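Listed here are the chains, written in short residue letters.
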Amino acid sequence: MKVFAPDLAGLGVYTQIVLAVFVVITVLSRIRKFVCLPPGDQWLFLQAWCLLGWYRFLIYSRPLKLITADLQQLPGEAVAAKVSDEELRRAKRISDAVAGSAVATPWLSSCLVQVLSLQDMLSSRGISGQFCIGATLDFDETDKLKVFSAHAWLQCGHKILNGGLSADKFSVLTTYRW
């Protein structure tokens, strides 16, 4: 596993000091934002942060079939189950906590890691939903190659809570529902 460690040897001393100050200011700013959150949001943020790490570990250590064994798998796209406005409001709040936590992790929190974390948090609160895994084949103009890419997104009712910005360009391969 490669740890991010920038090569600062070629930079001058003053540049290194400026970078160090920038890093400290960024960390302190994030801590201040966290402390200013209401206690309920702090708890959601911490829970999401821990689950992001847990599912990142699981994705690299176990097949997806084992991780999603307790979910109902449907081939292709499926009609989303209805949820109440209150459940949708709670789900959006949890989704915001996962998205905010994903930015603050020192590891890469991919779309699948975020979706699995959000699914875990929603299902533990009795909020139903589904997530889709899709794929597309793009043509890369610079290398003149076809590029396969995959994406995961989560829906609660008909609202896409996570990963929805580019979901429409992917063909749904499978859907998991809880």
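The structure we're discussing is the one just above.
Because the structure is predicted, anything quoted here is derived from the model rather than measured.

**Quick notes on the overall build of the protein chain**
Phase 1: Within the protein chain, the secondary structure is distributed over five helices and five strands.
Phase 2: In the protein chain, the order of α-helices and β-strands from amino to carboxyl end is α-α-α-β-α-α-β-β-β-β.
Phase 3: Expressed as lengths along the three principal axes of its C-alpha atoms, the size of the protein chain is roughly 60 × 50 × 30 Å.
Phase 4: Relative to its full complement of 178 residues, the protein chain shows a buried share of 33%.

**Here we look at the packing of aromatic side chains**
Phase 1: Throughout the structure, instances matching the rule amount to five aromatic pairs.
Phase 2: Residues Trp 153 and Phe 170 carry aromatic rings whose centres are separated by 6.5 Å and whose planes lie at 40 degrees to one another, so their mutual orientation is tilted. Here the residue Trp 153 occupies a position in strand β3 (residues 145-156), and Phe 170 occupies one in the loop between β4 (159-162) and β5 (171-177), the gap between them amounting to 17 residues. With respect to class, Trp 153 is no different from Phe 170; both count as buried.

**Some thoughts on the nonpolar core**
Phase 1: Of all hydrophobic cores here, the largest spans 29 residues; its most connected members are Tyr 55, Leu 118, Met 121, Leu 122, Phe 131, Leu 154 and Leu 161.
Phase 2: The leading source of residues in this core is helix α5 (residues 111-124), at seven residues.
Phase 3: Residues within four places of Phe 131 in sequence aside, it is in contact with Thr 68, Leu 71, Val 115, Leu 116, Gln 119, Trp 153, Leu 154, Thr 174, Thr 175, Tyr 176 and Trp 178.
Phase 4: Judged by nonpolar contacts, the second largest core, of five residues, contains Cys 132, Trp 153, Ala 167 and Val 172.

**Topic: the side chain of Ser 109**
Phase 1: Considering the arrangement of structural elements, one finds Ser 109 in the loop between α4 (85-103) and α5.
Phase 2: One polar contact links Ser 109 to Trp 107, side chain to side chain, over a distance of 3.3 Å.

**Observations concerning the sheet that holds strand β1 (residues 72-75)**
Phase 1: Read across the open sheet, the five strands follow the order β1-β5-β2-β3-β4; overall the sheet is antiparallel. Because the sheet does not close on itself, it has two edges, and the strands there are β1 and β4. Neighbour-to-neighbour, the strand axes of this sheet turn through a mean angle of 35 degrees, independent of strand direction.
Phase 2: As judged from the four bridges shared by β1 and β5, these two strands associate in the antiparallel manner. Residue pairing in the sheet places Gln 73 in a bridge with Tyr 176 of β5.
Phase 3: Contacts from α4 reach β3 and β4 within the one sheet, and its direction differs from that of β4 by about 30 degrees.
Phase 4: Across the sheet, α5 touches β2 (130-140), β3 and β4, and the angle it forms with β3 is around 15 degrees.

**Observations regarding α4**
Phase 1: Taking 1.5 Å as the rise per residue, α4 with 19 residues should run 27 Å; its terminal C-alpha atoms sit 27 Å apart, in good agreement.
Phase 2: Residues of α4 that are buried include every one of Ala 91, Ile 94, Ser 95, Ala 97, Val 98, Ser 101 and Ala 102, and no others. Buried residues in α4, looked at end-on, bunch into an arc of 160 degrees, giving them a common side. In α4, the exposed positions that point more than 90 degrees away from the buried face belong to Asp 85 and Val 103.

**Things to note about the environment of Val 79**
Phase 1: Counting through the fold element by element, Val 79 comes out in the loop between β1 and α4.
Phase 2: Counting along the chain gives twelve residues from Val 79 to Ala 91, while the straight-line C-alpha distance between them is 18 Å.
Phase 3: Beyond its immediate chain neighbours, meaning those up to four positions away, Val 79 contacts Gln 130 and Arg 177.

**A short note on helix α2 (residues 39-61)**
Phase 1: The end-to-end C-alpha distance of α2, which contains 23 residues, comes to 33 Å, matching closely the 33 Å that a straight helix rising 1.5 Å per residue would cover.
Phase 2: Within α2, burial applies to Leu 44, Phe 45, Ala 48, Leu 51, Leu 52, Tyr 55, Arg 56 and Leu 58.
Phase 3: Residues of α2 that are buried make contact with α1 (13-36), α3 (64-67), α4 and α5.

About the criteria used
Residues numbered from 1 in each chain as written. Predicted model: local features only at pLDDT ≥ 70, side-chain atom pairs only at ≥ 80, totals over all residues. Heavy atoms only, no water. Helix = DSSP H or I, 4+ residues; strand = E, 2+ residues; numbered from the N terminus. Buried < 20%, exposed > 50% of the residue type's maximum accessible area, 1.4 Å probe, protein only. Phe/Tyr/Trp six-rings, centres within 6.5 Å; stacked < 30°, edge-to-face > 60°. Core = buried A, V, L, I, M, F, W, Y, C linked by side-chain atoms within 4.5 Å. Contact = heavy atoms within 4.5 Å. Polar contact = N/O pair within 3.5 Å; in protein donor to acceptor, adjacent residues only side chain to side chain. Pairing = 2+ DSSP bridges. Axes fitted to C-alpha atoms, helices over the stretch in contact; angles between N-to-C directions. Expected span 1.5 Å × (residues − 1). Arc of directions from axis to C-beta.

Just distances and angles here, no functional claims.
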